[in-house]
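# Topology and contacts: notes
As a plain string of letters, each chain reads:
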Amino acid sequence: MDGTFPAAKKGGVSMTKESGGFDQIDQWKSTMFLYSSALKSINTKIEILNNEFIQLYNYNPIEHITSRLKTPESIVKKLKNDGCEVSIDNMVEHLNDIAGIRIICSFMSDIYPIADMIARQADITVLHVKDYSYHMVVTIPVYLSEGKRDTKVEIQIRTIAMDFWASLEHKIAYKFEGKAPDYLERELKSCADMVDMLDMKMFSLNQAIMAVEEEERRVEEEKRREREKAEKRQEELAGNGPT
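Summarised in this report is the structure supplied together with it. Remember, predicted model here, so these are calculated numbers, not experimental data. (Residues numbered from 1 in each chain as written. Predicted model: local features only at pLDDT ≥ 70, side-chain atom pairs only at ≥ 80, totals over all residues. Heavy atoms only, no water.)

### Regarding the overall build of the protein
When helices and strands are tallied, the protein shows 6 helices and 7 strands. Put simply, the protein runs from its N terminus to its C terminus through helices and strands in the order β-β-α-β-α-α-β-α-β-β-β-α-α. Within the protein, buried positions represent 34% of all 243 residues. Relative to all contacts within the protein whose residues are 6 or more apart in sequence, the contacts with residues 24 or more apart total 62%. Carbon and sulfur atoms form 54% of the exposed surface of the protein, whose accessible area is close to 16000 Å². (Helix = DSSP H or I, 4+ residues; strand = E, 2+ residues; numbered from the N terminus. Buried < 20%, exposed > 50% of the residue type's maximum accessible area, 1.4 Å probe, protein only. Contact = heavy atoms within 4.5 Å. Areas by Shrake-Rupley, 256 points an atom, 1.4 Å probe, with all protein chains shown as cover.)

This is the structure we're talking about:
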């Protein structure tokens, strides 16, 4: 894919015919179509896996899923910050988060099983993983009329508490362009520690609830077996009665 990146302006992409901009617009649209299609494909995969989990285990590990495509302004800014020439080729090669999916789950114990289910999909290739909060960059094939195009998608898997913290951290980083006052950085670190504690407490509470449910199932199973034994004894007694 040749050509420079279309000039970004608020509200869209600014192009001129004189600069060969129409060709660049076509390249831009084709490239973003790939990323949009990759998001649809991986969204469908995750929803199917979640529904299968509900059917097999009567448990829903995923609270909700969101997806987004980076804006032209964000792409240009990131390329410049990374010291790259602003072009469509560099965008595709160097940026991993143009297409992004965020999976929100209830408990920390859900994160790794969800990541493992995604990674075991035959047509998904995991490029790299960052642990907190769980980020994985993958490629997924997009099938076009001209053939297959492997396309990068960033997947973030977080608990509800992690997502709340990350949203606040992002707002502060955006507001201060990565140079937040020291006292805000300290408060953020304190909040991160509280989020860890909350996640652990919520996990412990969930384990306790599951233990109660398991005990209730055990008691019900014992009662069922006792009823079956009593019914069988009555049938045997009835069979030995006078003819």
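Once you've had a look at it, read on.
### Digging into the pattern of salt bridges
The final tally for this structure, using the stated rule, is 14 salt bridges. With a shortest N-O distance of 3.2 Å, Arg225 and Glu221 are connected by a salt bridge. Of the two residues, Arg225 and Glu221 are both situated in helix H6 (residues 182-239); the distance of 4 residues between them amounts to about one turn of the helix. (Salt bridge = Lys/Arg side-chain N within 4 Å of Asp/Glu carboxyl O.)

### A look at the sheet that holds strand S5 (residues 125-130)
Reading across the sheet, the 5 strands line up as S3-S4-S7-S6-S5 and stay open at both edges, with mixed pairing between neighbours. Both outer strands of the open sheet, strand S3 (62-69) and S5, are each paired with one neighbouring strand and no more. Averaged over all pairs of adjacent strands, the angle between their axes in this sheet comes to 25°, without regard to strand direction. Both strand S6 (residues 134-144) and strand S7 (residues 147-159) contribute to a ladder of 11 bridges, which runs antiparallel. Opposite His135, over in S7, you have Gln156 as the bridge partner. Set on the sheet, helix H5 (residues 160-176) makes contact with S3, strand S4 (99-105) and S7; between it and S7 the angle comes to about 100°. (Pairing = 2+ DSSP bridges. Axes fitted to C-alpha atoms, helices over the stretch in contact; angles between N-to-C directions.)

### Thoughts on the environment of Ala115
Within the element layout of this structure, Ala115 appears in helix H4 (residues 108-119). Separated by 42 residues in the primary sequence, Ala115 and Ile157 place their C-alpha atoms 7.6 Å from one another. Beyond its immediate sequence surroundings of up to four residues, Ala115 is in contact with Tyr134, Met136 and Ile157.

### With respect to the packing of H5 against H6
Contact pair H5 / H6: the axes reach a minimum separation of 9 Å and the direction vectors enclose 170°. One way to sum up the angle between H5 and H6 is to call them roughly antiparallel. Of the residues in H6, those in contact with Ala161, Met162, Trp165, Leu168, Glu169, Ile172 and Phe176 of H5 are Leu184, Leu188, Cys191, Ala192, Val195, Leu198 and Asp199. A breakdown of the residues in the contact of H5 with H6 according to their chemical character gives 12 nonpolar, no polar and 2 charged. (Parallel < 35°, antiparallel > 145°, perpendicular 65-115°, else oblique. Nonpolar A, V, L, I, M, F, W, Y, C, P; charged D, E, K, R; others polar.)

### Some thoughts on the layout of surface pockets
Over the atoms rolls a probe the size of a water molecule, and in doing so it shows where empty space is left. Of the volumes computed, that of the largest pocket is approximately 1400 Å³. Arg68, Lys70, Lys78, Asp97 and His170 are, among the 36 residues lining the largest pocket, the residues nearest its centre. Mapped onto the lining of the largest pocket, the elements with two or more residues apiece are S3, helix H2 (72-81), S4, S5, S6, S7 and H5. A total of 8 residues in the lining of the largest pocket trace back to one element, the largest contributor, which is H5. Looking at the lining of the largest pocket residue by residue, the classes come out as 10 nonpolar, 14 polar and 12 charged. By volume, the second largest pocket amounts to about 240 Å³. For the lining of the second largest pocket, the element with the highest residue contribution is H6, accounting for 6 residues. Here the residues of the lining of the second largest pocket sort into 4 nonpolar, 4 polar and 2 charged. (1 Å grid on protein atoms, 1.4 Å probe; cavity = no way out; pocket = protein on both sides within 12 Å on 5 of 7 lines; lining within 4 Å. Points joined across faces, edges and corners; volume = space filled by probe spheres on them.)

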